[in-house]
Amino acid sequence: MSEPNSPGESQCGAPRFFVGCEDDESEVQEDSMRTDMDLYEDDEDTPPERQIVVGICCMMKKSKSKPMTQILERLCRFEYITVVIFPEDTILNEPVDKWPLCDCLISFHSKGFPLDNAVSYAKLRSPLLINDLNMQYYIQDRREVYRILQEEGIELPRYAVLNRDPDKPEECNLVEGEDHVEVNGEIFQKPFVEKPVCAEDHNVYIYYPTSAGGGSQRLFRKVVTSTVMTPLIGSRSSVYSPESSVRKTGSYIYEEFMPTDGTDVKVYTVGPDYAHAEARKSPALDGKVERDSEGKEVRYPVILSAMEKLVARKVCLAFKQTVCGFDLLRANGHSYVCDVNGFSFVKNSMKYYDDCAKILGNIVMRELAPQFQIPWSIPTEAEDIPIVPTTSGTIHDLKIYASDEGRVQMTAASFAKGLLALEGELTPILVQMVKSANMNGLLDNDSDSLSSCQHRVKARLHEILQRDREFNDEDYDRRPASSQSEQHRSDPRHLDKRYVADVFKLDPSVRPGRIHPT
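Because the structure is a prediction, the values reported are computed rather than measured.

**Q** How should I be thinking about the sheet that holds strand 7 (residues 174-176) in this particular structure?
**A** The strands making up a sheet associate through backbone hydrogen bonding, with each pair oriented either parallel or antiparallel. Taken in spatial order, the three strands line up as 7-8-9 in an open sheet, and their pairing is antiparallel. Both edges of this open sheet fall to strand 7 and strand 9 (186-189), since each of them pairs with a single strand only. Shown here is a sheet whose adjacent strand axes are inclined to one another by a mean of 15°, direction ignored. The sheet contact formed by strand 8 (residues 180-183) and strand 9 spans four bridges and is antiparallel. By the bridge assignment, H180 is partnered in strand 9 with Q189.

This is the structure:
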């Protein structure tokens, strides 16, 4: 590990780091605590300095995860900071007045976590909160998340909320057509997205138009699959379904689909002035999770634009979450926030761990050191530590354009599937990766864009091919000199009939009724 280099970081080798444990590990914890106090017994003339206790209150799966462990180890290098992890058994089974004491609380909701108890503890002890607890109730409801984003002027996809009465699910303001839905009078053409209002429900569906093949892509939390040759890892995040009808029970948010070229951007804030961003393959593309040799999902660091950094600041402040993750969709020249996840860490970045611990330590010291009369000077370096340079992947850089003709679009999607080694149906790949070249001015589809010379050539060819008589000398005189060596007196329509007759002779299975050579 690197040496501490911020003012106030500990120069001794033993961080004050107490980890919650089970009952059979209590002796080990007691030994650790005694060892920590022994740091002060070496010099009896020097009284121990007042320590700022940072409490970690979350489920054990989160508190012992690699990102959390890496960051807490670095946070403990601050000379006046002690970290205490609340044991999960205490969180779940003990009254809040029995929970460990702390001056600063890092607490966040996840599956099974008693958020109500954490709120009660905060009211009882009044610690400095890194992430506001009451706002975490709102983060669990996508309707509230979208309302807050809208109030803050943050761009998000066009959406409508469908609230269903569980007792009367058929009584709702929803009209479904073959290629659209109408929700509360708002029409969404396919493709569109259907999200459960509960943020803990990750069963998000994307519905495709019949022109692209129809059906839907069903997203879910990464599931664990295994084979004889591979270990147990989460290898899928979505699956294609031929079902095209929307769900008839439950409440949902319906929103406009954003074509993102097959990538999502995940943003992680540590305070309003720092954001780390990464791109990954969209789970809606083919559902296969791309992993590296160590089994980790492949991510590509990206640099945020000035506007996106402002969005990150707004999200952090609006939801009062110092450590906060959210999802960005880059589409049509804009960046839309489509989800706010609350407390989230970058999974595998040593630089992020260094930056995060330094910023959190500085926040704690700035807020609490004066209160406890702890000698500490404000660091001179800015907390907005520069983001690492970007690297790009094939999907991240690839742009595919094709005409609007269905077979051409499917061919382009097949090309993308083979080039990127994607799996599954072509429909999700077509909708996400293939753009209309007509809309981007790459094809001469509009007659107004043709030159006057092209107009004359097209008109002349049309006149020749529609002529129902043999060519005469005047016609041949008007031909270019390079083509005057060959002369055919037959008119074009007569030649067409001869070609059709020859086809019948070559392939008797062709029925004359299917061809009209007139």
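Now, onward.
**Q** Is there a simple way to think about the pairing of strand 3 (residues 81-85) in this case?
**A** For a regular strand, side chains alternate in direction, first toward one face of the sheet and then toward the other. Within strand 3, five of the five residues are buried, which leaves the element mostly enclosed by the surrounding structure. Covered by surrounding structure in strand 3 are I81, V83 and I85 together with T82 and V84, the residues of both alternating faces. Across five bridges, strand 2 (residues 52-57) lies against strand 3 in parallel orientation. For I56, the partnering residue across the bridge sits in strand 3 and is I85.

**Q** Please clarify how the packing of aromatic side chains should be interpreted in this entry.
**A** Any pair of aromatic rings gets described here by the distance separating the centres and the angle formed by the planes. In this structure the tally under the stated criterion is 13 aromatic pairs. Arranged with centres 3.9 Å apart and planes meeting at 5°, the rings of F108 and F343 form a pair that is stacked. Here F108, found in the loop between strand 4 (104-107) and helix 5 (115-125), pairs with F343, found in the loop between strand 19 (334-342) and helix 9 (350-368); they are 235 residues apart in sequence, far enough to count as distant. Note on F343: relative accessible area 14%, which makes it buried. With a centroid separation of 4.8 Å and an interplanar angle of 70°, the aromatic rings of F343 and F345 are classed as edge-to-face. You'll find F343 and F345 in the same group, each marked buried. Members of the aromatic cluster, joined through ring pairs, are F108, Y274, F343, F345, Y352 and Y353. Above the face of the F372 ring, R50 is positioned so that its terminal group lies 4.1 Å from the ring centre.

**Q** Would you mind going over the pattern of salt bridges with me for this structure?
**A** Oppositely charged side chains are able to pair whenever their charged atoms sit close together. The final tally for this structure, using the stated rule, is 17 salt bridges. One salt bridge in this structure joins D354 and R74, with 2.5 Å as the shortest N-O distance. Here the residue D354 occupies a position in helix 9, and R74 occupies one in helix 3 (residues 66-75), the gap between them amounting to 280 residues. A salt bridge links R247 to E194; the nearest nitrogen and oxygen atoms lie 2.7 Å apart. Separated by 53 residues along the polypeptide, R247 in the loop between strand 13 (233-241) and strand 14 (252-256) and E194 in strand 10 (residues 192-196) bring together distant segments of the chain. R247 sits in the buried class, given a relative accessible area of 16%.

**Q** Hey, could you run me through unusual backbone geometry in this one?
**A** Across residues other than glycine, the phi torsion is negative in most instances, and most of the peptide bonds are trans. Cis geometry is adopted by the peptide bond preceding P191, which originates at K190 and carries an omega value of 5°. Take P191: it is sitting in the loop between strand 9 and strand 10. The backbone of Q373 sits at a positive phi, close to 55°, despite the residue not being glycine. Mapping Q373 onto the fold places it in the loop between helix 9 and helix 10 (394-397).

**Q** What am I meant to see in helix 7 (residues 142-151) here?
**A** Since the α-helix advances by 3.6 residues per turn, residues separated by three or four positions end up pointing in the same direction. Those residues of helix 7 lying buried are R142, V145, Y146, I148 and L149. The buried residues of helix 7 occupy an angular sector of 160° when projected down its axis, which confines them to one face. Against the buried residues of helix 7 lie helix 6 (135-139), strand 6 (159-162), strand 10, strand 14, helix 8 (306-318) and strand 19. Sitting at the head of helix 7, D141 places a side-chain oxygen 2.9 Å from the backbone nitrogen of R143. Two residues or fewer past helix 7, G153 is found with a positive phi of approximately 75°.

**Q** Whenever I open this one, the state of the cysteines confuses me. Can you help?
**A** Put plainly, a disulfide is one covalent bond tying together the sulfur atoms of two cysteines. Following the criterion strictly, the structure yields zero disulfides and no others. With no disulfide of its own, C57 lies 7.1 Å from the sulfur of C58, the closest cysteine sulfur. Using a relative accessible area of 0% as the deciding quantity, one classes C57 as buried.

**Q** Can you walk me through empty space enclosed by the protein in this structure?
**A** Summary: where empty space remains is shown by rolling a probe the size of a single water molecule over the atoms. The final tally for this structure, using the stated rule, is five cavities of 30 Å³ or more. Roughly 60 Å³ of volume is contained in the second largest cavity. Lining the second largest cavity are K222, S237, R280, K281, S282, P283, K288, V289, E290, E297 and V298.

Conventions we followed
- Residues numbered from 1 in each chain as written.
- Predicted model: local features only at pLDDT ≥ 70, side-chain atom pairs only at ≥ 80, totals over all residues.
- Heavy atoms only, no water.
- Pairing = 2+ DSSP bridges.
- Helix = DSSP H or I, 4+ residues; strand = E, 2+ residues; numbered from the N terminus.
- Axes fitted to C-alpha atoms, helices over the stretch in contact; angles between N-to-C directions.
- Buried < 20%, exposed > 50% of the residue type's maximum accessible area, 1.4 Å probe, protein only.
- Phe/Tyr/Trp six-rings, centres within 6.5 Å; stacked < 30°, edge-to-face > 60°.
- Lys NZ or Arg CZ within 6 Å of the ring centre and 35° of its normal.
- Salt bridge = Lys/Arg side-chain N within 4 Å of Asp/Glu carboxyl O.
- Arc of directions from axis to C-beta.
- Contact = heavy atoms within 4.5 Å.
- Polar contact = N/O pair within 3.5 Å; in protein donor to acceptor, adjacent residues only side chain to side chain.
- Disulfide = S-S within 2.5 Å.
- 1 Å grid on protein atoms, 1.4 Å probe; cavity = no way out; pocket = protein on both sides within 12 Å on 5 of 7 lines; lining within 4 Å.
- Points joined across faces, edges and corners; volume = space filled by probe spheres on them.

Shape descriptors only; they carry no functional weight alone.
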